[in-house]
Amino acid sequence: MLPPGSTIGILGGGQLGRMLALAAAELGYRCHIFAPETDPPAADVSAAHTRADYADTAALDAFAARVDVVTLEWENVPRSAVRHLAGLVPVHPGAQSLEVAQDRMAEKQFVEWLGGRCAAWAQVDSRAGLDAAIAQVGLPAILKTRRFGYDGKGQARIHSASDADAAWAAIGEQPAILEAMVDFAHEYSVILCRGSDGAMVDWPVPVNLHKAGILATSSLPPPALVREQAPAAVALARTVAEKLGHIGVLTCEFFACRDGLRFNEMAPRVHNSGHWTIEGSATSQFENHIRAVAGLPLRPTGLMNPRVTMTNLIGDDVADWPRLMADPAAHVHLYGKAEARPGRKMGHVTRLG
Ligand code: AMP
């Protein structure tokens, strides 16, 4: 167990790192953020910030010398940086989790190998390959870049064959997968945490509503169809964590279809659909992640109230802060970002009951 006063290094400086650092502080740890940005939200609440590129090995060496363990809040940290650090200091989760979670194709292959079901999909490496994939998968479908996609970025919908040229251009002609459009009733996520001793906890499953590809709300309890499918989804997510030897929080997103569940994607980290756990659960995703990384036992994840709703504040939504701050039922979390650009996650609000 990492003693209080130790320093946890966090790769990435966004709001997830900020909430991890707050949870770490409550347990008596200091955090050191490694992120290339000038003024990352996580650095505001952390003991130190190294501003450097992930390819800067001298900066990585200096960072490793000042931290006792390293974790990450962003799965697209270059694996070379993670491998370099892992030679110097423990890194959780490790390179294997990143290898799978950084690539949509690897993710789907891994989950299917474990017996999980995804939407029909095919690999696309060229414009001609896209035509072949359309013939295989059918339409409508979504073309998704294999790497660096989030919040609906790096995606293009294809309704008819005549959309193919524009879709291939829209994703920047990169290695991709074509995925059949799923006629889902709901979307939901399994958030679990695996400790350094292999013990696992998972949280009650929220239903997630997206707007324009960005998470808008996560709420509990989920509808009946999700409640029916959740045990199988949790079992699959637990197997994924086990097989990856994952340490920390792992999130798997699913589609609830009338004919069963479909795995969508995973994140080897704390997740926006788990922000409700700060007030809504006996232990937040952030605290259990820090506990896992620090080698502490994990804590229980039961609901504090049967009804919980987390609403994201996206872009200009944050302008409503005076009203939200005055609402005694609203647990307001603002991420300290200076500029409210469209689509940017500025904060969230959780309500119990
Ligand atoms: P993703 O980045 O893959 O999670 O996609 C962002 C959002 O787009 C998802 O949360 C869904 O709302 C939607 N989406 C993604 N893939 C599909 C699909 N195969 N069928 C229908 N909707 C999808």
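By convention here, each chain's residues receive numbers from 1 onward along its written sequence. With the structure being a predicted model, the display of local features is reserved for residues of pLDDT at least 70 and the display and counting of side-chain atom pairs for 80 or more, all residues being used for whole-chain, interface and lining totals. As a rule here, side-chain values cover all heavy atoms of the structure and leave hydrogens and water aside.

J.: Any chance you could explain the pattern of salt bridges here in plain terms?
T.: Pairing is possible between side chains of opposite charge, provided their charged atoms come close. Whenever a carboxyl oxygen of Asp or Glu lies within 4 Å of a side-chain nitrogen of Lys or Arg, that contact is scored as a salt bridge. Per the counting criterion, the structure on display carries 18 salt bridges. The partner of Lys108 in a salt bridge is Glu179, and the shortest N-O contact between them spans 3.1 Å. With Lys108 in helix 5 (residues 104–113) and Glu179 in strand 8 (residues 176–180), the pair connects residues that are 71 residues apart, well separated along the chain. A 1.4 Å probe rolled over the protein chains alone gives each residue an accessible area, and that area as a share of the maximum for its type sets the label: buried under 20%, exposed over 50%, partly exposed in between. Under the relative-accessibility criterion, Lys108 is labelled buried at 1%. Residues Arg351 and Asp327 are paired through a salt bridge, measuring 2.6 Å at the closest nitrogen-oxygen approach. Here Asp327 lies in the loop between helix 11 (321–325) and strand 16 (331–334) and Arg351 lies in strand 17 (residues 345–352), a separation of 24 residues in the sequence. The helix count covers DSSP runs of H or I at least four residues long, the strand count covers runs of E at least two residues long, and both are numbered beginning at the N terminus.

J.: What is the right way to look at the site of the ligand in this model?
T.: Around the ligand sit 15 residues in total, of which Lys144, Glu179, Val182, Glu187 and Glu265 are the nearest. Within the contact set of the ligand, an oxygen atom lies 2.7 Å away from a side-chain nitrogen or oxygen of Lys144. For the area figures, the Shrake-Rupley method with a 1.4 Å probe applies, and any residue is considered shielded solely by the protein chains shown. Surface burial for the ligand is 94%, taken as the share of its 470 Å² of free accessible area covered by protein chains. Taken together, the elements giving at least two residues each to the shell around the ligand come down to strand 6 (141–145), strand 7 (155–158), strand 8 and strand 14 (260–267). In this classification, the charged set is Asp, Glu, Lys and Arg, the nonpolar set is Ala, Val, Leu, Ile, Met, Phe, Trp, Tyr, Cys and Pro, and all remaining amino acids, among them Gly, are polar. Grouping the constituent residues of the shell around the ligand by class yields 6 nonpolar, 3 polar and 6 charged. No fewer than three residues from each of domain 2 (120–180) and domain 3 (186–352) sit in the shell around the ligand. Being near a molecule or strand, for a residue, means having at least one of its heavy atoms within 4 Å of it. Any pair of nitrogen or oxygen atoms within 3.5 Å is treated as a polar contact; in protein, a donor-acceptor pairing is required on top of that, and neighbouring residues in sequence qualify only through side-chain atoms on both sides. Per the annotation, domain bounds derive from an automatic or database assignment of domains.

J.: Would you take a moment to explain the sheet that holds strand 5 (residues 121–124) for this structure?
T.: The pairing of strands in a sheet happens through backbone hydrogen bonds and is either parallel or antiparallel. Pairing within the open sheet is antiparallel, and its 4 strands lie in the order 5-8-6-7. Each edge of the sheet is formed by a strand with only one pairing partner; in this case those strands are strand 5 and strand 7. Geometrically, the sheet is characterised by an average inter-axis angle of 25° between neighbouring strands, direction not taken into account. Here, a strand pair is defined by DSSP locating no fewer than two bridges between the strands. Taken together, the 4 bridges between strand 6 and strand 7 define a ladder with antiparallel strand orientation. Paired with Ile142 across the two strands is Arg157, which belongs to strand 7. Relative to strand 5, helix 5 is tilted by about 145°, and along the sheet it contacts strand 5, strand 6, strand 7 and strand 8. The angle between two axes is taken between their N-to-C directions and runs from 0 to 180 degrees, where each axis is a line fitted to C-alpha atoms and a helix contributes only its stretch in contact. What makes two residues a contact is simply this: any of their non-hydrogen atoms within 4.5 Å.

J.: Help me understand helix 2 (residues 57–66) in this model?
T.: Helical geometry: 3.6 residues make up each α-helical turn, so side chains three or four residues apart lie on a common side. Here helix 2 has its buried residues at Ala59, Leu60, Phe63 and Ala64. The buried residues of helix 2 all sit within an arc of 135° when viewed along its axis, so they share a single face. Turned more than 90 degrees from where helix 2 packs its buried face, Ala58, Ala65 and Arg66 sit exposed. Tucked inside the fold, the buried residues of helix 2 contact strand 1 (7–11), strand 2 (30–34), strand 3 (48–50), strand 4 (69–72) and helix 3 (79–86). By the N-cap criterion, in which a side-chain oxygen at the helix start approaches the backbone nitrogen of a residue two or three places on, helix 2 is capped by Asp56, the distance to Ala58 being 3.3 Å. Throughout, the arc means that of the directions going from the helix axis to the C-beta atoms.

J.: What is the right way to look at the domain arrangement of the protein chain in this model?
T.: By a frequent convention, interface size equals the accessible area lost on bringing the separate parts together. The domain boundaries assigned to the protein chain delineate domain 1 (7–91), domain 2 (120–180) and domain 3 (186–352). A separation of 34 Å is found between the C-alpha centroids of domain 1 and domain 2.

J.: Just to check I follow, could you spell out the environment of Tyr335 for this structure?
T.: Secondary-structure assignment places Tyr335 in the loop between strand 16 and strand 17. Taking C-alpha positions, Tyr335 is 22 Å from Thr7, a pair spaced 328 residues apart along the chain.

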